[in-house]
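# Structural features, examined
Single-letter residue listing:
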Amino acid sequence: MTRLILALVATLGVCVSLTSSATDQNRPVLDVIVVDVNGDLEGFLDRMNRIKGVAERLGLPARLRVFQSTFAAEKSGEIHLYWELPSFIAFAEAETALHNDAEFLAILAEMDAAGQGFKSELLTIEITKD
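Residues numbered from 1 in each chain as written. Predicted model: local features only at pLDDT ≥ 70, side-chain atom pairs only at ≥ 80, totals over all residues. Heavy atoms only, no water.

### Considerations on the overall build of the chain
Each helix and strand in the chain was counted, giving four helices and four strands. Secondary structure of the chain in N-to-C order comes out as α-β-α-β-β-α-α-β. Scored against the burial criterion, the 130 residues of the chain give a buried share of 26%. In the chain, of all internal contacts separated by at least 6 residues, the share reaching a separation of at least 24 is 71%. Of the roughly 8,600 Å² of accessible surface on the chain, 59% is carried by carbon and sulfur atoms. (Helix = DSSP H or I, 4+ residues; strand = E, 2+ residues; numbered from the N terminus. Buried < 20%, exposed > 50% of the residue type's maximum accessible area, 1.4 Å probe, protein only. Contact = heavy atoms within 4.5 Å. Areas by Shrake-Rupley, 256 points an atom, 1.4 Å probe, with all protein chains shown as cover.)

### Let's talk about the side chain of Gln 116
With respect to the secondary-structure elements, Gln 116 resides in the loop between helix H4 (102-113) and strand S4 (117-125). A polar side-chain atom of Gln 116 sits 3.1 Å from the main-chain carbonyl oxygen of Asp 40. Residues in contact with Gln 116, not counting those within four places in the same chain, are Asp 36, Val 37, Asn 38, Asp 40, Gly 43, Phe 44, Arg 47 and Met 111. (Polar contact = N/O pair within 3.5 Å; in protein donor to acceptor, adjacent residues only side chain to side chain.)

Here you go:
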């Protein structure tokens with residue numbers, strides 16, 4: 001009976017450690033957002049520059065970059081917004097801070113009024129082995 005209990009405890013310990021490492025919330029996060037700029041790339045880039053300013057003012061550990069696809073068949077010219085954060089926890093904290101910030105919400109409203117929006121989003125956690 002003691003062996004069975006020890007085996008169960010050991011199995012539980014292994015399962016918990018595997019689950020913990022598979023969902024490690026301290027891995028770098030990349031939030032990839034496909035954007036519809038509605039023909040106004042310069043206006044969009046200006047708004048993203050202002051959002052960078054908001055993130056800096058809030059002290060967020062985020063890096064915002066904008067890319068345009070090339071050599072991508074029907075996806076050529078597509079605009080991708082990348083938010084890089086040090087962890088999933090930092091991502092959640094940044095999202096909360098931004099969505100509680102009046103200036104950020106005003107910029108999103110400007111985007112909406114300009115017919116700009118986010119077409120899709122992919123949130124990734126880095127799994128590169130060190």
